[in-house]
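Each chain, written out:
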Amino acid sequence: MRAATAARTREPIVRDGEHHGPLLDEVKGYKIIDCEPCGFRHVLPLPKPDALKAAYSQAYYRDEKPNYLARARDDADWSKLAWNDRLTLFEELLAGERKPLHVLDIGCGPGWFLSAAVARGWQARGIEPSEQAAAHAQSLGLNVANVMFDETTAACVQPAHVVHLNNMLEHVADPIALLQLAIGATRPGGIVCVGVPNDYNGFQQAVRRNGEEPWWLVPPHHLNYLNFTSLEDLLGRLDLEIVDTMTSFPMELFLLMGENYVGNDTVGKDCHARRKRFDLSLEKAGMGDTRRKFYRALANAGLGREAIVIARKPKFAR
Ligand SMILES: [Zn+2]
């Protein structure tokens, strides 16, 4: 069992409709609560789904991530390590299934994960609301639909062996409903892989106690603040069996070592280059397995920049 990261004494309880829980923080007019019915931390008030649809179909990659594609191209060799780690694990977990394996990537962005899957012989499909990101994925020859993943589109997708949701849950107003649709798009006995920022983690809390503001709170882009515990609980409540956890380099180590990249793009780029070098150096030495063991141990301690949880849908699911 992981220890709870936040002491829960004397915080005022905030209520809004069905949501209620202790107030943790207030940022840009949003309250962040540890919501008891939802079982994870999220902002209040929650935006309306229509507002989010407009934000993610047009503005997100244009306004919030203008350099995203260029940076992602620079990171291509490095980010393939993480995608291949996941795909290797999925292939092991689905060893008895007839090939080719099918993956559905919900919120596939510019298509980097899907490209890695296709290179390994997977049948890959993606759903992506951003026009710019979907167009990029399609230019790579990928089967990507430029739509929101909602009840209407979910009804049209063929269930896949693996449904992948990376950096999706933190953006949506109702992550439980999204997961229910995603589970519906997963074959019985198949895998649901969810990756989110690992927020309010122990290293972040340490930096905060030493005087830094909670930089990881970025409403309205991030509405939900999950970690390993809340994500595993949530997937368990949706009748999935947790089979593994993974993470990526704990970027807060740089802050704890005195290199403050918060709001400083130059330092941030340097720290990012160094974490890439760390991963690639192990790979170059033929010690990718050591890298994977290191990150799995961090994940078990509730640490690492991302909380990635791999769960299985029961074989005889409804
Ligand atoms: Zn809630």
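Residues numbered from 1 in each chain as written. Predicted model: local features only at pLDDT ≥ 70, side-chain atom pairs only at ≥ 80, totals over all residues. Heavy atoms only, no water.

1. Description of the overall build of the chain
- Assigned secondary structure in the chain consists of 12 helices and 12 strands.
- Structurally, the chain occupies a C-alpha span of about 55 × 50 × 40 Å along its principal axes.
- Out of the 318 residues in the chain, the part that is buried amounts to 48%.
- Long-range contacts, defined as pairs at least 24 residues apart, comprise 69% of the intrachain contacts of the chain with a sequence gap of at least 6.
- Accessible area of the chain: about 15400 Å², with a carbon and sulfur share of 53%.
- Both charge centroids of the chain, one from 38 positive and one from 40 negative side chains, sit 4 Å from each other. (Helix = DSSP H or I, 4+ residues; strand = E, 2+ residues; numbered from the N terminus. Buried < 20%, exposed > 50% of the residue type's maximum accessible area, 1.4 Å probe, protein only. Contact = heavy atoms within 4.5 Å. Areas by Shrake-Rupley, 256 points an atom, 1.4 Å probe, with all protein chains shown as cover. Lys, Arg positive; Asp, Glu negative; His and termini not counted. Charge placed at Lys NZ, Arg CZ, Asp CG, Glu CD.)

2. Digging into the sheet that holds strand β10 (residues 224–225)
- The strand order across the open sheet formed by five strands is β1-β2-β3-β4-β10, and the pairing between neighbours is antiparallel. Of all the strands in the sheet, the pair left with one neighbour each is β1 (13–16) and β10. (Pairing = 2+ DSSP bridges.)

3. Examining the packing of helix α11 (residues 265–284) against helix α12 (residues 288–300)
- α12 packs onto α11 with a crossing angle of 135 degrees between their chain directions and a minimal axis gap of 7 Å. Viewed along their axes, α11 and α12 adopt a mutual orientation that is oblique. Contact with α11, carried on its side by Phe278, Asp279, Leu282 and Glu283, involves Gly288, Arg291, Phe294 and Tyr295 of α12 and no other residues of that element.
- A breakdown of the residues in the contact of α11 with α12 according to their chemical character gives four nonpolar, one polar and three charged. (Axes fitted to C-alpha atoms, helices over the stretch in contact; angles between N-to-C directions. Parallel < 35°, antiparallel > 145°, perpendicular 65-115°, else oblique. Nonpolar A, V, L, I, M, F, W, Y, C, P; charged D, E, K, R; others polar.)

4. Quick word on the coordination of the zinc ion
- Listed as protein donors to the zinc ion are His19 (ND1), Cys35 (SG), Cys38 (SG) and His42 (NE2); their distances from the metal cover 2.1 to 2.2 Å.
- Metal-centred angles of 99 to 121 degrees between the four donor atoms at the zinc ion mark the site as tetrahedral.
- For the zinc ion, the donor residues sit on a single chain with the sequence spacing H-x15-C-x2-C-x3-H. Taken as a pair, His19 in strand β2 (residues 19–27) and Cys38 in the loop between β3 (30–35) and β4 (40–44) lie far apart in primary sequence, 19 residues in all. (Donors = N, O, S within 2.8 Å, 3.2 Å for Na, K, Ca; no water. Tetrahedral: all angles 85-135°; square planar, octahedral: opposite > 155°, others 65-115°.)

5. Re the side chain of Asn166
- As for its position among the elements, Asn166 is in strand β8 (residues 160–166).
- Residue Asn166 is classed as buried on the basis of its relative accessible area, which comes to 12%.
- A distance of 2.8 Å separates polar atoms of two side chains, one belonging to Asn166 and the other to Arg86.
- Not counting residues within four places of it along the chain, the set of residues in contact with Asn166 comprises Trp83, Arg86, Ile106, Gly107, Gly195 and Glu306. (Polar contact = N/O pair within 3.5 Å; in protein donor to acceptor, adjacent residues only side chain to side chain.)

6. Describing the confidence of the model for the chain
- Across the chain, the average pLDDT comes to 93, with 94% of residues at 70 or higher.
- Across residues 1–7 the pLDDT falls below 50, and counting only partners more than four positions away or on other chains, this stretch makes 12 contacts in the model. (pLDDT = per-residue confidence, 0-100.)

7. Side note on helix α5 (residues 131–139)
- Every buried residue of α5 is accounted for by Ala133, Ala134, His136 and Ala137. Along the axis of α5, the buried positions cluster into a sector of 160 degrees, meaning they face one direction only.
- Here α5 starts with a cap whose side-chain oxygen sits 3.3 Å from the backbone nitrogen of Gln132, and that cap is Ser130.
- Count one or two residues on from α5 and you reach Gly141, which has phi positive near 85 degrees. (Arc of directions from axis to C-beta.)

8. Let's talk about the sheet that holds strand β6 (residues 123–127)
- The strand order β7-β6-β5-β8-β9-β12-β11 describes an open sheet built from seven strands, whose pairing is mixed. Looking at strand neighbours, the two that pair on one side only are β7 (143–145) and β11 (241–246), the edges of this open sheet. For this sheet the average axis-to-axis angle between neighbouring strands, irrespective of direction, equals 20 degrees.
- The pairing of β11 with strand β12 (residues 306–312) spans five bridges and is classified as antiparallel. Residue pairing for β12: Asp244 is matched across the bridge by Ile310.
- Relative to the sheet, helix α7 (residues 175–184) contacts β5 (102–106), β8 and β9 (186–197), its axis offset from that of β9 by approximately 145 degrees.
- In the packing of helix α9 (residues 228–237) onto the sheet, contacts are made with β9, β11 and β12, and the angle to β12 comes to roughly 20 degrees.

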